[in-house]
Amino acid sequence: MTAPRTEKFADPQDLALRAADWMAGVIAAADAPFRMALSGGNSPRLLYGELSLRRIDWSKVRFYWIDERFVPPDHPDSNLRMARETLLAHIPIQPDQVHAMPTLSDPETAARAYEDDLKSAYGATDLDAARPLFDLTLIGLGSDGHICSLLPGSPVLEERTRWVAPVTQGRPEVRLTLTYPAVESSRLTVFLVTGRDKAEAVKRVRQGDQNLPGGRLRPQGETVWLLDRAAASLL
Ligand SMILES: O=C(O)[C@H](O)[C@@H](O)[C@H](O)[C@H](O)COP(=O)(O)O
């Protein structure tokens, strides 16, 4: 596993600007299809907005999610809604390029349906380290060290067979999350973290602290950390 690369930026706006330029280059250099697994939450908002302004051949990109709140697609908490408002509604893509996590049935059915979607797009039922599931996986970090909806103490942290699982404890709302095997199966893993409140988690996750869900992640490909000065303040 190659040592992670770290880019530090003055503030979230500078990070979003520079990261969008870099990601535009990554997508331009890649073959189609480019499978991009999106994070939810607030941190990626500025980046998604900047990406929507870049000259990118979006026709090669397939959008996936690393987790979702189990709410309707138009709910204020929906990660799909956030991505649609900041990026997807502003770029020339077809509906079949967007592989949203389904949230209109029950969590177990939805998790299995999304896993089937991933497996059919991947063209196999087993992950192959030589052929990652995603080309780029964007991950935010909670101040408690969670990633995706892989929350501290959650049974889903031990799931090594399923690619997608429901999370029914630890948050006010039910969630769907990729499990470690699916999140780790990426050519490029990008952590995007801003804010002083994340600095301790950034430090411990980078040290591989097994008590934090982020510290247990073993990405297969290259890892890049995009941090603002506040989130990097303990490094
Ligand atoms: O659905 C979500 O909320 C995210 O997937 C979650 O893992 C998020 O990335 C972290 O909680 C950081 O959230 P912020 O970016 O809002 O700080």
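Residues numbered from 1 in each chain as written. Predicted model: local features only at pLDDT ≥ 70, side-chain atom pairs only at ≥ 80, totals over all residues. Heavy atoms only, no water.

1. With respect to the sheet that holds strand 7 (residues 175-178)
The strand order across the open sheet formed by three strands is 4-7-6, and the pairing between neighbours is antiparallel. Taken across any chain shown, the strands that pair with only one partner, and hence form the sheet edges, are strand 4 (67-69) and strand 6 (164-167). Across this sheet, the average inter-strand angle for adjacent strands is 15°, counted without regard to direction. With four bridges connecting them, strand 6 and strand 7 associate as antiparallel partners. Note that in strand 7 the partner of Ala 165 across the bridge is Thr 177. Helix-sheet contacts for helix 4 (residues 107-122) involve strand 6 and strand 7, and the interaxial angle to strand 6 is about 160°. (Pairing = 2+ DSSP bridges. Helix = DSSP H or I, 4+ residues; strand = E, 2+ residues; numbered from the N terminus. Axes fitted to C-alpha atoms, helices over the stretch in contact; angles between N-to-C directions. Contact = heavy atoms within 4.5 Å.)

2. Some thoughts on the UniProt feature "domain: Glucosamine/galactosamine-6-phosphate isomerase" (unreviewed entry) in the protein chain
Cross-referencing UniProt, the feature "domain: Glucosamine/galactosamine-6-phosphate isomerase" (unreviewed entry) maps to residues 11-225 in the present numbering. Between the end C-alpha atoms of residues 11-225 there is a gap of 14 Å, over a span that is 29% helix and 16% strand. (UniProt positions renumbered as here; feature names shortened; annotations may be inferred.)

3. Brief notes about the site of the ligand
Residues in close proximity to the ligand total 15 residues, the closest being Ser 43, Asp 67, His 146, Cys 148 and Lys 198. Within the contact set of the ligand, an oxygen atom lies 2.7 Å away from a side-chain nitrogen or oxygen of Arg 69. Measuring from an oxygen atom of the ligand, one finds a side-chain N or O atom of Lys 198 at 2.7 Å. Out of a free accessible area of 410 Å², the ligand has 88% covered by protein chains. Classifying every residue of the shell around the ligand gives two nonpolar, nine polar and four charged. (Near = heavy atom within 4 Å. Polar contact = N/O pair within 3.5 Å; in protein donor to acceptor, adjacent residues only side chain to side chain. Areas by Shrake-Rupley, 256 points an atom, 1.4 Å probe, with all protein chains shown as cover. Nonpolar A, V, L, I, M, F, W, Y, C, P; charged D, E, K, R; others polar.)

4. A short note on helix 1 (residues 12-29)
Over its 18 residues, helix 1 runs 25 Å from end to end, which matches the ideal 26 Å to within 8%, given 1.5 Å per residue. Listing the buried residues of helix 1 in full gives Leu 15, Ala 16, Ala 19, Ala 20, Met 23, Ala 24 and Ile 27. One side of helix 1 carries all its buried residues, which in axial view fall inside an arc of 160°. Residues of helix 1 that are exposed and angled more than 90 degrees away from the buried face: Ala 28 and Ala 29. With a side-chain oxygen lying 3.1 Å from the backbone nitrogen of Gln 13, the N-terminal cap of helix 1 falls on Asp 11. (Expected span 1.5 Å × (residues − 1). Buried < 20%, exposed > 50% of the residue type's maximum accessible area, 1.4 Å probe, protein only. Arc of directions from axis to C-beta.)

5. Thoughts on the sheet that holds strand 1 (residues 5-9)
Pairing is parallel across the open sheet formed by six strands, whose spatial order is 1-9-8-5-2-3. The open sheet is flanked by strand 1 and strand 3 (61-65), the only strands paired with a single partner. Strand-to-strand, the axes of this sheet are offset by a mean angle of 20°, without reference to chain direction. By the bridge criterion, three bridges tie strand 5 (residues 136-139) to strand 8 (residues 188-193) in an arrangement that is parallel. When the bridges of strand 8 are listed, Thr 137 appears paired with Thr 189.

6. Topic: the environment of Arg 5
Note that Arg 5 resides in strand 1. Using a relative accessible area of 33% as the deciding quantity, one classes Arg 5 as partly exposed. Among residues more than four places away in sequence, those in contact with Arg 5 are Trp 22, Glu 222, Thr 223, Val 224 and Trp 225. In terms of polar contacts, Arg 5 uses its side chain to reach the side chain of Glu 7, at 3.1 Å.

7. A look at the packing of aromatic side chains
Here the structure, examined in full by the defined rule, presents four aromatic pairs. Relative to Trp 225, the ring of Phe 191 lies with its centre 4.1 Å away and its plane at 5°, an arrangement referred to as stacked. Here Phe 191, found in strand 8, pairs with Trp 225, found in strand 9 (residues 222-228); they are 34 residues apart in sequence, far enough to count as distant. Across the ring face of Tyr 122, the terminal group of Arg 131 is positioned such that the distance to the ring centre comes to 4.0 Å. The ring centre of Trp 225 lies 5.4 Å from the NZ or CZ of Arg 206, which sits over that ring. (Phe/Tyr/Trp six-rings, centres within 6.5 Å; stacked < 30°, edge-to-face > 60°. Lys NZ or Arg CZ within 6 Å of the ring centre and 35° of its normal.)

8. Quick look at the side chain of Thr 189
Topologically, Thr 189 is positioned in strand 8. Exposure remark for Thr 189: the relative accessible area of 0% places this residue in the buried category.

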